Amino acid sequence: MALLDILCYPDPRLHTVAKPVASVDERIRRLADDMLETMYEAQGLGLAATQVDVHERLIVMDTSDSRDEPRVLVNPELIAVSEEMVVADEGCLSVPQIYDKVPRHARVTVRALGRDGRPYEFDAEGLLAVCVQHEMDHLLGKVFVEYLSPLKRNRIKSKMLKKAKVEA
């Protein structure tokens, strides 16, 4: 397995819409494993392939307290969402150390292919539902800061650009 580089906002590649995965083969399984390793190392809850500059519909996540329940979602889709919304603080591995409130559906039903290529569905609420929606946004080329006001978004963009210059 290998650690992958995570793109940081405002990198324009984060706005690329991901294409469907054609088949769950050894390349996709290896990518999922590398993404899980990268996510765990960065202490994240989820990671979309878009964030590691691979523009295919693949998400990994683990919202368990014990951090030993990895999920792989290939070509995920929301097949049902609740009308009820929740607003919670969100962060993102592509926007490190920035957190803000984002409205999300309280409950969702997800359909995806697993690491083994077989279809499965699950219902999610709470943190898992928020995480699924956050990561699926990445596949659409959307970063959570886009839910914020233009003023907040511009401040975050300036902060991230300044941080990148310091690190370079």
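Located above this text is the structure these notes cover.
Each chain carries its own residue numbering, running from 1 in the direction its sequence is written. Per-residue local features are limited, in this predicted model, to residues with pLDDT of at least 70; the limit for side-chain atom pairs, both in listing and counting, is 80 or more; totals at the level of whole chains, interfaces and linings are taken over all residues. Only hydrogens and water are set aside when side-chain values are computed; all heavy atoms of the structure are taken into account.

K.L.:
How do you make sense of the sheet that holds strand 1 (residues 46-48) when you look at a structure like this?
P.N.:
Within a sheet, each strand pairs with its neighbour through backbone hydrogen bonds, oriented either parallel or antiparallel. With antiparallel pairing, five strands are arranged side by side in an open sheet as 1-2-3-6-7. Edge positions in the open sheet fall to strand 1 and strand 7 (119-125), since each of these has one partner strand only. Each strand axis lies, on average, 40° off the axis of its neighbour in the sheet, ignoring direction. Bridge count between strand 6 (residues 107-113) and strand 7: seven bridges; the pairing is antiparallel. Following the sheet pairing, arginine 111 is matched in strand 7 by glutamate 121. Sheet contacts for helix 1 (residues 26-41): strand 1, strand 2 (58-61) and strand 3 (71-81); angle to strand 2, the most-contacted strand, approximately 40°. Any two strands with at least two DSSP-identified bridges between them are counted as paired. Comment: elements are numbered from the N terminus, with helices defined as DSSP H or I runs of at least four residues and strands as E runs of at least two. The axes are straight lines fitted to the C-alpha atoms, using for helices just the contacting stretch, and the angles between their N-to-C directions are given from 0 to 180°. Residue contacts follow a heavy-atom distance rule, with two residues in contact if any of their heavy atoms lie within 4.5 Å.

K.L.:
Teacher, can you tell me more about the environment of leucine 36 here?
P.N.:
Considering the arrangement of structural elements, one finds leucine 36 in helix 1. Think of it in three bands: residues with accessible area under 20% of the maximum for their type are buried, residues over 50% are exposed, and the middle band is partly exposed, with areas taken using a 1.4 Å probe on protein chains only. Given the relative accessible area of 10%, leucine 36 is considered buried. Taking the C-alpha atoms as reference, leucine 36 lies 14 Å from threonine 50; in sequence the two are 14 residues apart. Filtering out sequence-adjacent residues up to four positions away, leucine 36 remains in contact with Val60, Met61, Pro70 and Val72.

K.L.:
What is the right way to read helix 2 (residues 126-139) from this model?
P.N.:
Since one α-helical turn is 3.6 residues long, residues separated by three or four positions face the same way. Expected helix span is computed as 1.5 Å times (number of residues minus one). Compared with the 20 Å implied by 1.5 Å per residue over 14 residues, the 21 Å span of helix 2 between its first and last C-alpha is a close match. Within helix 2, burial applies to Leu128, Ala129, Val130, Cys131, Val132, Gln133, His134, Glu135, Met136, Asp137, His138 and Leu139. At the C-terminal side of helix 2, glycine 141 shows a positive phi close to 80°.

K.L.:
It is not clear to me how the packing of aromatic side chains should be interpreted in this structure. Could you clarify?
P.N.:
Aromatic ring pairs: the centre-centre distance and the angle between the two ring planes describe each pair. Any two of the Phe, Tyr and Trp rings considered here, Trp counted by its six-membered ring, make a pair once their centres fall within 6.5 Å; the pair's planes then place it as stacked at under 30 degrees, edge-to-face at over 60, or tilted in between. All chains considered together, the criterion is met by one aromatic pair. On the numbers, 5.8 Å between centres and 20° between planes, the contact of tyrosine 120 with phenylalanine 122 is stacked. The partly exposed category is assigned to tyrosine 120, whose relative accessible area is 26%. On the basis of relative accessibility, which here comes to 10%, the residue phenylalanine 122 falls in the buried class. A ring is scored as having a charge over it whenever the NZ atom of a lysine or the CZ atom of an arginine sits within 6 Å of its centre and within 35 degrees of its normal. The side chain of arginine 71 reaches across the aromatic face of phenylalanine 122, ending 4.3 Å from its centre.

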